[in-house]
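Coordinates in review
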Amino acid sequence: MSHVFYTSRKRHIFDEFIYPVSLIAPIMTIPQLLSIWLQKSTQGISILTWSAYALVSLLWIIYGVIHKEKPIIVSNFLLFILDTSIVIGVLLYS
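A short tour of the structure in this document, coming up.

The next point concerns the nonpolar core. Ranked by size, the top nonpolar core spans eight residues in total: Leu33, Ile36, Ile45, Trp50, Leu82, Ile86, Val87 and Val90. Of all elements in the fold, only α1 (2-39) and α3 (70-93) reach the threshold of two or more residues within this core. Once residues lying within four places of it in the same chain are set aside, the contact partners of Val90 are Ile36, Thr42, Ile45 and Ile47.

And the structure:
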């Protein structure tokens, strides 16, 4: 019985920790986005790669919704918006 409680408690602590972590990847994408939109610099940016990132994020959103996993939904929704914005910026400024 104590093993179940320990595992449950450990999982809960990790669940609380994962919410801030789910914001890290989207935040790390912002410098690339700013470079494209503010400096209009798309040199070395692969539209294929960023389109694939957007598609993968969309698939993770669907997975998160199906499994009711808020950190997955939030993180990948933000990533989808940022990745799509990068793709649009590359299309506009290339």
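After presenting the structure, the write-up continues.
All right, on to unusual backbone geometry then. Although it is not a glycine, Lys40 adopts a positive phi angle of roughly 55°. With respect to the helices, strands and loops of the structure, Lys40 is situated in the loop between α1 and α2 (47-67).

Here Glu16 is to be found in helix α1. Judged by relative accessible area, which is 47%, Glu16 ranks as partly exposed.

Let us now look at the side chain of Ser57. Locating Ser57 in the fold gives a position in helix α2. Excluding residues that lie within four positions of it along the chain, Ser57 makes contacts with Asn76, Leu79, Phe80 and Asp83.

Reading the values: rules and limits
Residues numbered from 1 in each chain as written. Predicted model: local features only at pLDDT ≥ 70, side-chain atom pairs only at ≥ 80, totals over all residues. Heavy atoms only, no water. Core = buried A, V, L, I, M, F, W, Y, C linked by side-chain atoms within 4.5 Å. Buried < 20%, exposed > 50% of the residue type's maximum accessible area, 1.4 Å probe, protein only. Helix = DSSP H or I, 4+ residues; strand = E, 2+ residues; numbered from the N terminus. Contact = heavy atoms within 4.5 Å.

Read these as geometric descriptors, not functional statements.
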